[in-house]
Structure formats: C-alpha cells, structure tokens
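One-letter residues, chain by chain:
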Amino acid sequence: MEWKIVHIAETDSTNHWLREYGGDEDQVVVTDYQTAGRGQGFNSWESERGKNLLFSILYHPHQILANQQFSISRAISLAIADALGEQIGDVSIKWPNDIYWRNGKIGGILIENRLSGQIIKESIIGVGINVNQQHFHSDAPNPVSLWQIHGYVTDREGLLHTILNKFSEYVNQEVKERYVAKLYRRKGFHPYCDKEGAFMAELKDVEDDGHLLLGDESGKKRRYAFKEVSFIL
C-alpha cells in the first residue's frame, strides 16, 4: 500500500486535520507538535515539540463491516508493537490499543470510524509515540520514551515508515492470535476494577468486536466493553 504523507509543523490534532482536509485517498499526516492532542476520552497527550512521532492515518477499508471495525485496531496496535519491539523488546498491547514497554506507556492510539450503512467508509487512526522526549512533566502515571529506554535519538521518519509498512500488511491479514499473544498481562492473575470494585482475574481472550474476556479467581467469566473495566497498575 502506497501512502501519501503530508508533513505539517503544527496543528491542533492530526485527526482533526484529516477530518478537515483528508479527501478520498489514503494518506498520512505527520506533525511536530499538537496543540490539542488527546488520548481516549478526555485525556490529553503530553508531547514536547519535535521530539515524538505524532501522526494520523486516513484509511478507506475495502468492505470491512461496522461490527468488524476492531480488526483495524488490532492491525495498527500490532504494527506499532512489532516496530518498537524490533528496537527495544518487551513491548505489549494494553487492551484495547495502548502500547506498553514493560509497565510504562510508550504509545497511544485514537481511532474514529465513519460508516456508510453497515460498512466502514473511512477510518482515521491517530497515533502518538514517545520517541526522543527525555522528561515528562504532566501527571500521567507511567509515560516512557524510546530515548529513556535505550539512551539515543531515534529516526522518527524511519520508524513511521516501518509502522506504515507493517500496518499495510497486517490490515489485510487475520492477526487476532498474534494480537492476543501480544497483550499486556497476557498470563497469570492481575488486579482489575469495574463498577463493583477491584478483583483479580486472568485474561482469556479479546472477541472480534473488541470485548475483553476475563476469568476471575472463582472461575467466573467476565466480559467488558471499553471503559467498563480498568487495569490497576
């Protein structure tokens, strides 16, 4: 898949830029700085100017049904995890699509899909990866960057192309098993919290529609949509 790549110095958010100017072709917008970058929900994303990899992909799927949209999340999450894993190892995907190095968050993804009937018309995939930032000043609990891990400057453009190449490959493949195998806290019992309180559980699966399946210590199976359960870190 060939990508048209647009570089801009600054924008409020790359997702918003693509919504305004994206058009009908697959493309990528990359920026050095976002004035209103955000993560899931109302979370902001701290990023020092010119230090990190901030981009969004405008992707027009071929006949992906609305109830299959999580396949896009799997593909981009795995592409980023594999690209980073080639450099630092110990990279995992914290369900549904945060990118972790050990217990630190190194990347995040925000996906916005537009539907046409039961088909996904277009997908805007926003990505933020902590690359060359040496210090973090926000109250985010666990950010980490490539520089903090291996101690040298990483070529952001080279990393971008590696991710895009892997995404182009994975989005046309069935990668569920690889995605599940890459999940954070894949093995053993770990603490979680839902509306009823904290509990210990092990990760069983992630369904094709994105629901997380856990099994608690009593053997009870628990099924969650995004935001219905949180990881206790």
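Caption draft 1: The sheet that holds strand 10 (residues 212–216), seen in detail. Across the sheet, which stays open at both edges, the 5 strands sit in the order 11-10-9-8-12 with antiparallel pairing between neighbours. Looking at the sheet topology across the chains shown, the edges are occupied by strand 11 (221–224) and strand 12 (230–231). Relative to strand 12, strand 8 (residues 189–194) runs antiparallel, the two sharing 2 bridges. Bridging from a neighbouring strand, C193 pairs with S230 of strand 12.

Caption draft 2: Region of interest: the side chain of S77. If you trace the backbone, S77 turns up in helix 2 (residues 70–88). Owing to a relative accessible area of 0%, S77 belongs among the buried residues under this scheme. Among the polar contacts made by the side chain of S77, one reaches the main-chain carbonyl oxygen of S73 at a distance of 2.7 Å. Dropping the residues within four chain positions of it, S77 is found in contact with I93, P96, N97, I99, I109 and Y179.

Caption draft 3: Here's a closer look at helix 4 (residues 156–170). Look at helix 4: 21 Å from first C-alpha to last across 15 residues, which is about the 21 Å you get at 1.5 Å a residue. The complete set of buried residues in helix 4 reads L159, L160, I163, L164, K166, F167, S168 and Y170. Between the side-chain oxygen of the N-cap and the backbone nitrogen of E157 there are 3.2 Å, and the N-cap of helix 4 in question is D155.

Caption draft 4: Structural context of the pairing of strand 4 (residues 91–94). The two faces of strand 4 match: V91 and I93 on one face and S92 and K94 on the other face are all buried. Pairing analysis gives 4 bridges linking strand 4 to strand 5 (residues 98–101), with the strands arranged antiparallel. Paired with V91 across the bridge in strand 5 is W101. The antiparallel pairing of strand 4 with strand 5 creates a hairpin that spans 3 residues between the two strands.

Caption draft 5: Focus on helix 1 (residues 14–21). Every buried residue of helix 1 is accounted for by T14, N15, W17 and L18. Along helix 1, the residues classed as buried sweep out an arc of 160° about the axis, all on the same side. Summarising the contacts, the buried residues of helix 1 are in contact with strand 1 (4–11), strand 2 (27–34), strand 3 (53–59), strand 6 (104–116) and strand 7 (119–129). One or two residues past the end of helix 1 sits G23, with phi positive at roughly 80°.

Caption draft 6: Examining the pairing of strand 7 more closely. Burial analysis of strand 7 places 9 of its 11 residues in the buried class, the great majority of the element. Pairing of strand 3 with strand 7 involves 7 bridges; the strand directions are antiparallel. From the neighbouring strand, F55 faces strand 7, where its bridge partner is V127. Relative to strand 7, strand 6 runs antiparallel, the two being bridged by 10 bridges. When the bridges of strand 7 are listed, R114 appears paired with E122.

Caption draft 7: Main features of the sheet that holds strand 1. Strands sit in the order 1-2-3-7-6-5-4 across an open sheet of 7 strands; the sheet is mixed. Edge positions in the sheet fall to strand 1 and strand 4, since each has one partner strand and no second. Across this sheet, the average inter-strand angle for adjacent strands is 20°, counted without regard to direction. The pairing of strand 5 with strand 6 spans 3 bridges and is classified as antiparallel.

Caption draft 8: Main features of the packing of helix 2 against helix 4. Axis separation between helix 2 and helix 4 bottoms out at 8 Å; the angle between their running directions is 140°. One finds that helix 2 runs oblique with respect to helix 4. For helix 2 against helix 4, the interelement crossing comes out right-handed. From helix 2, I72, A75, I76, L78, A79, I80, D82, A83, L84, E86 and Q87 reach across to helix 4, where they touch L159, T162, I163, K166, F167 and Y170. Of the residues assigned to the contact of helix 2 with helix 4, the class counts are 12 nonpolar, 2 polar and 3 charged.

Reading guide: rules and limits
Residues numbered from 1 in each chain as written. Predicted model: local features only at pLDDT ≥ 70, side-chain atom pairs only at ≥ 80, totals over all residues. Heavy atoms only, no water. Pairing = 2+ DSSP bridges. Helix = DSSP H or I, 4+ residues; strand = E, 2+ residues; numbered from the N terminus. Buried < 20%, exposed > 50% of the residue type's maximum accessible area, 1.4 Å probe, protein only. Polar contact = N/O pair within 3.5 Å; in protein donor to acceptor, adjacent residues only side chain to side chain. Contact = heavy atoms within 4.5 Å. Expected span 1.5 Å × (residues − 1). Arc of directions from axis to C-beta. Axes fitted to C-alpha atoms, helices over the stretch in contact; angles between N-to-C directions. Parallel < 35°, antiparallel > 145°, perpendicular 65-115°, else oblique. Left-handed = near helix turned anticlockwise from the far one by under 90°. Nonpolar A, V, L, I, M, F, W, Y, C, P; charged D, E, K, R; others polar.

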